[in-house]
Amino acid sequence: MERRNVIKSLGIGLLGLGNLPSWANNWNSGSFEHFEFENSEMFAKIVDCIIPETNTPGAKSVGAHKYLEKVIKDCYSEQIQSEVKQTLKNLEKEAMVKHQKSFEKLDNLQALEILKNNTANKKTVDFFKNLTIRSYTSSEYYLTNHKNYQMAPAYFHGCVAI
Amino acid sequence: MANFNIDSKKKRTFDAIAIGSGISGGWAAKELSEKGLKTLVLERGKEVNHGDYPTTMMQPWEFEHLGQITKEMKDANPIATKCYAFGEDSSHFFVKDAEHPYIQEKPFDWIRGYQSGGKSLLWARGTQRWSKYDFEGPARDGFDVHWPIGYEDLAPWYSHVEIFAGISGNKDGLESLPDGEFLKPHEQTCVEKHFTDQMRKHYNGARPVIIGRCAHLTDPQPIHYQQGRAKCQQRDLCQRGCPYGGYFSSNASTLPWAKMTGNMTMRNNSVVHSIIYDEKKQKAIGVKVIDAITKQEIEYFARIIFVNGSTVNTNIILLNSKSSRFPNGLGNDNGLMGKYIHFHNFETTISGEYEGFLDKKTDGIRPNGSYIPRFRNVKKQETDFLRGYASGFSASRMEVTNREGWGEELKKNLFEKKYGNWRVGSHFMGETIPKISNYVKLDETLKDQWGVPQVRIHVEMDGNDAKMAKDFREQLTEMYTLAGFTNIKTHSRNGWNPGLDIHEMGGVIMGNDPKNSQLNEWNQLHHCKNVFVTDGACMTSNSTQNPSLTYMALTARAANHAVEEFKKGNL
Ligand SMILES: Cc1cc2nc3c(=O)[nH]c(=O)nc-3n(C[C@H](O)[C@H](O)[C@H](O)COP(=O)(O)OP(=O)(O)OC[C@H]3O[C@@H](n4cnc5c(N)ncnc54)[C@H](O)[C@@H]3O)c2cc1C
């Protein structure tokens, strides 16, 4: 009954998310920020060279590196995870051989050269690219600035001129 | 002490009990309490009040896996995660496999939602009436059991539930899919309209294509505002629960309404174990509940009992209600309870493209699609398989993302504005034949953690289903070709099992003859008239419509009959 009144008083029925039941609490915490990233520097360099910062935000500023590390750890098989580890190792090795520097210390062009030309791990490199694009094109920056994203458009027109 | 017991029993006594608070139980609660009956709703799952939707306002970028399910979740839930609606934003409303085990004698994907509102939070909201041809089908085609009611019996109750729930649709004037009490329809897209026109032309009106009918408030009326609901905001994030009450769920609609009468009491975490039968009174007198958390046993009493646990659970409860009068389960004199389980076949789909209307696109979001009502064997037998199928149809146009290149070049490409061809697709929803060989039964030894026997499920597709799916692929290919679509591909959904339709029905079916059915024309057990079954378990056949609107109408009809009988002193 109380809740109904709350809904009514807000007119449109938009509820605050202040007092959720306990089963739903884990959705309230900003768990995203609190994870530790073992390979974050490496992933940061990878996403940054795939979609760099220019006069607009790149993949790193939208947090794509954190997403990559998290999603690989949580959502993919051990097989894929070990391929990822192997690829990271190979990239690092190549950086040392070519530039005597750790991969994460390379400038973006150097890093991209290594990434693009890594034929031995092409599948995993493409996987990194796809995840980076996914993260970037799901970001607030991209969706609101490019896609005119609206969560609740409240309309649908079936046939409009482009 | 004696007095204490009497008092306590009084507190546990109601006029009516509804088992389950999903789509059908919510309707039982609303109708019974609105008509003045003190009604107890027993719900095994957690409490979810309207608004308790933790993810509902989250933006896409706020999900740490951008919507993807974790491997741990997938590995632990090979069945639940098969449901297309199971995602990072909705997993908390699905039953997890390990918590509620069952035995698959044949592969069966049992998708469940245990909470206030049941699966009404998760459903896809497609709502179509049955026609007289659908009710007459089993008799015409010689099924074992025939419907004891026809379209005319249910029509006023369809209206009753449509007005309250809010169903959007167009009055299409079709015999095979009667019109209802509709709110404003959604719009078809250019290519959907094109398909409708082409099909009208090529088939002389025999294959209509219409805008889908769905439980969304496109144009809310006073009755909806009184429920505390508002206009659908067309977010299409329904599986998270809707803070506006823009679509029909028990949580947003029937349950708060029942509560407002002052006559409804809801008890969550209450697993109904069985129904108690009194041998002297020759009636059911109440139910035995196991508290889901404390595992304590409690009994509740009432003169009317509505069983709405959703099909399989309703079968379990009744089969588990054993007494010396009913050693095989309450009402199960003919031994057929649990048999005649049927479902909808969704095993195949088709997709294609359209290269026209390239200067057009859609704008906004539509939580709906177009729909092709059944056109096979509607009035007479025309094919080498029995019955027919309905299909979805949707045509949309997306921006394509240019993913070529690396670095700055890639970045530039990602910001390119470009549209691809229109994409079209249809899913198949085939009627299946209720058969004695498709059944659920209780396991003789295995129990769940509340002491309820585990269920064994044995449901299989047959040759009729395969022929019908083939016909869908052929006919839809022909229709797509006639409409000028290209790149037409049919798909078999590998790994699709019965159950994944989430339209499982039967087991406690309606019929005229107690020899081959369990329920009479008012959904009362033939042999225990104060017990009503109005969820999918009662369905004599399944036709080609999404079933829930029919469960709602049957429930409202049965509940009003129950109230009349109650007031006459017959129950
Ligand atoms: C993703 C998805 C899409 C769907 N799309 C559509 C659609 O477009 N159109 C359509 O018509 N249908 C659709 N459905 C199916 C629809 O959700 C069901 O038909 C409907 O919810 C059934 O209503 P019900 O009351 O029988 O069961 P439910 O809504 O499942 O409710 C049953 C309730 O009973 C409770 N319960 C079970 N056992 C017990 C017990 N022993 N004791 C106490 N409580 C118990 C459960 O916890 C649950 O809350 C869809 C379902 C899903 C999941």
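Residues numbered from 1 in each chain as written. Chains lettered and ligands numbered in written order. Predicted model: local features only at pLDDT ≥ 70, side-chain atom pairs only at ≥ 80, totals over all residues. Heavy atoms only, no water.

Across its full length, chain B carries 12 helices and 23 strands. Against the compact-globule benchmark of 25 Å for 571 residues, chain B has a radius of gyration of 24 Å, which places it among compact chains. In terms of its C-alpha atoms, chain B occupies a principal-axis envelope of roughly 85 × 55 × 50 Å. Of all 571 residues assigned to chain B, the portion counted as buried reaches 65%. In chain B, the proportion of contacts linking residues at least 24 apart, taken out of those at least 6 apart, comes to 73%. Accessible surface, chain B as shown: approximately 20,700 Å² in total, 49% of it carbon and sulfur. Looking at charge distribution, chain B has the averaged site of its 71 positive side-chain charges lying 2 Å from that of its 68 negative ones. (Helix = DSSP H or I, 4+ residues; strand = E, 2+ residues; numbered from the N terminus. Rg over C-alpha atoms; globule rule 2.2 N^0.38 Å. Buried < 20%, exposed > 50% of the residue type's maximum accessible area, 1.4 Å probe, protein only. Contact = heavy atoms within 4.5 Å. Areas by Shrake-Rupley, 256 points an atom, 1.4 Å probe, with all protein chains shown as cover. Lys, Arg positive; Asp, Glu negative; His and termini not counted. Charge placed at Lys NZ, Arg CZ, Asp CG, Glu CD.)

This paragraph deals with the overall build of chain A. Each helix and strand counted, chain A has seven helices and one strand in total. Starting at the N terminus, the α and β elements of chain A follow one another as α-α-α-α-α-α-α-β. Counting across all 162 residues of chain A, residues that qualify as buried make up 43%. Long-range contacts, defined as pairs at least 24 residues apart, comprise 65% of the intrachain contacts of chain A with a sequence gap of at least 6. If you sum the accessible surface of chain A, you get close to 8,700 Å²; carbon and sulfur atoms cover 51% of it.

A few words now on the site of the ligand. All names here are of chain B. In the vicinity of the ligand, 39 residues are found, and the nearest of them are Ser-24, Glu-43, Ala-124, Val-272 and Ser-548. At a separation of 3.3 Å, a nitrogen atom of the ligand approaches a polar side-chain atom of Asn-546. In the environment of the ligand, an oxygen atom lies 3.4 Å from a nitrogen or oxygen atom belonging to the backbone of Pro-547. Relative to its free-state accessible area of 1,000 Å², the ligand is covered by the protein chains to the extent of 97%. At the level of elements, helix H2 (23–34), strand S8 (270–278), helix H9 (311–319) and helix H12 (548–567) are the ones that each hand at least two residues to the shell around the ligand. For the shell around the ligand, the class distribution of residues is 16 nonpolar, 18 polar and five charged. (Near = heavy atom within 4 Å. Polar contact = N/O pair within 3.5 Å; in protein donor to acceptor, adjacent residues only side chain to side chain. Nonpolar A, V, L, I, M, F, W, Y, C, P; charged D, E, K, R; others polar.)

Turning to H2 of chain B, a few remarks are in order. Residue and element names in this part refer to chain B. Relative to the 16 Å expected for 12 residues at 1.5 Å per residue, H2 spans 17 Å between its end C-alpha atoms, a close match to the ideal helical length. Burial runs high along H2: 11 of the 12 residues are buried. Buried within H2 are the following residues: Ile-23, Ser-24, Gly-25, Gly-26, Trp-27, Ala-28, Ala-29, Lys-30, Glu-31, Leu-32 and Ser-33. A positive phi of about 95° marks Gly-36, the residue just after H2. (Expected span 1.5 Å × (residues − 1).)

The interface is formed by 70 residues belonging to chain A together with 74 residues belonging to chain B. Taking both sides of the interface into account, the surface hidden between chain A and chain B amounts to around 6,200 Å²; carbon and sulfur atoms contribute 65%. Where chain A meets chain B, there are one salt bridge. Summed over the shared surface of chain A and chain B, the number is 24 residue pairs in polar contact (both at pLDDT 80 or more). (Buried area = accessible area lost by both parts, 1.4 Å probe. Salt bridge = Lys/Arg side-chain N within 4 Å of Asp/Glu carboxyl O.)

A few words on the UniProt feature "domain: Glucose-methanol-choline oxidoreductase C-terminal" (unreviewed entry) in chain B. This chain's UniProt record puts "domain: Glucose-methanol-choline oxidoreductase C-terminal" (unreviewed entry) on residues 435–554 of chain B. Helix makes up 22% of residues 435–554 of chain B and strand 27%, and the two end C-alpha atoms of the span are 22 Å apart. (UniProt positions renumbered as here; feature names shortened; annotations may be inferred.)

Further remarks concern the UniProt feature "domain: Glucose-methanol-choline oxidoreductase N-terminal" (unreviewed entry) in chain B. As recorded in UniProt, the sites labelled "domain: Glucose-methanol-choline oxidoreductase N-terminal" (unreviewed entry) are residues 229–321 of chain B. The distance separating the terminal C-alpha atoms of residues 229–321 of chain B is 39 Å; by composition the span is 17% helix and 35% strand.

Turning next to the state of the cysteines. All chains considered together, the criterion is met by one disulfide over all chains. Between the sulfur of Cys-159 of chain A and that of Cys-190 of chain B lies a disulfide, 2.0 Å long from S to S. Measuring handedness by torsion sign, the sulfur bridge of Cys-159 of chain A and Cys-190 of chain B sits at about 110° and is right-handed. Of this pair, Cys-159 of chain A sits in strand S1 (residues 156–161) while Cys-190 of chain B sits in helix H6 (residues 190–203), on two different chains. The structure places no disulfide on Cys-238 of chain B, whose sulfur is separated from the nearest cysteine sulfur, that of Cys-232 of chain B, by 6.5 Å. With relative accessibility at 7%, the residue Cys-238 of chain B sits in the buried group. Left without a disulfide partner, Cys-528 of chain B is nearest to the cysteine sulfur of Cys-538 of chain B, which lies 17 Å away. Relative accessible area serves as the criterion here: at 1%, Cys-528 of chain B is assigned to the buried category. (Disulfide = S-S within 2.5 Å.)

Take the pairing of strand S13 (residues 348–354) of chain B next. Residues and elements named next belong to chain B. For S13, the buried fraction is high: six of the seven residues fall into the buried class. Bridging between S13 and strand S17 (residues 422–431) involves six bridges; their strand directions are antiparallel. The partner of Glu-353 across the bridge, within S17, is Arg-423. (Pairing = 2+ DSSP bridges.)

Take the side chain of Asn-413 of chain B next. All names here are of chain B. Take Asn-413: it is sitting in helix H10 (residues 407–414). Residue class for Asn-413 comes out buried when judged on its relative accessible area of 9%. In this structure, Asn-413 is in contact with Asn-402 and Glu-404, ignoring residues within four places of it in sequence.

Under the defined criterion, the tally for this structure stands at 32 aromatic pairs over all chains. Geometrically, the ring pair formed by Tyr-149 of chain A and Trp-61 of chain B is edge-to-face, given 5.8 Å between the ring centres and 70° between the ring planes. With Tyr-149 of chain A in the loop between helix H7 (140–145) and S1 and Trp-61 of chain B in the loop between strand S2 (39–42) and helix H3 (71–76), this pair bridges two chains. Taken together, a centroid distance of 5.4 Å and an interplanar angle of 80° make the contact between Trp-130 of chain B and Trp-147 of chain B edge-to-face. Taken together, the residues span a long stretch of sequence, with Trp-130 of chain B in the loop between strand S3 (103–104) and helix H4 (132–140) and Trp-147 of chain B in the loop between H4 and helix H5 (151–165) at a distance of 17 residues. With a relative accessible area of 0%, Trp-130 of chain B lands in the buried category. (Phe/Tyr/Trp six-rings, centres within 6.5 Å; stacked < 30°, edge-to-face > 60°.)

Glancing now at helix H6 (residues 122–137) of chain A. Its 16 residues place the ends of H6 of chain A 22 Å apart at the C-alpha level, agreeing with the 22 Å of an ideal helix rising 1.5 Å per residue. Here the buried face of H6 of chain A lies against helix H2 (40–50), helix H3 (64–75), helix H4 (78–99), helix H5 (108–116) and H7 of chain A together with H10 of chain B.

This paragraph deals with the domain arrangement of chain B. Residues and elements named next belong to chain B. Its domain assignment divides chain B into domain 1 (13–48 + 93–126 + 248–343 + 437–460 + 502–568) and domain 2 (185–212 + 348–431 + 463–492). The gap between the C-alpha centroids of domain 1 and domain 2 is 37 Å. The interface of domain 1 with domain 2 comprises nine residues on the first partner and 10 residues on the second. Both faces considered, domain 1 and domain 2 share a buried interface measuring about 640 Å² in area, 48% of it formed by carbon and sulfur atoms. (Domains from an automatic or database assignment.)

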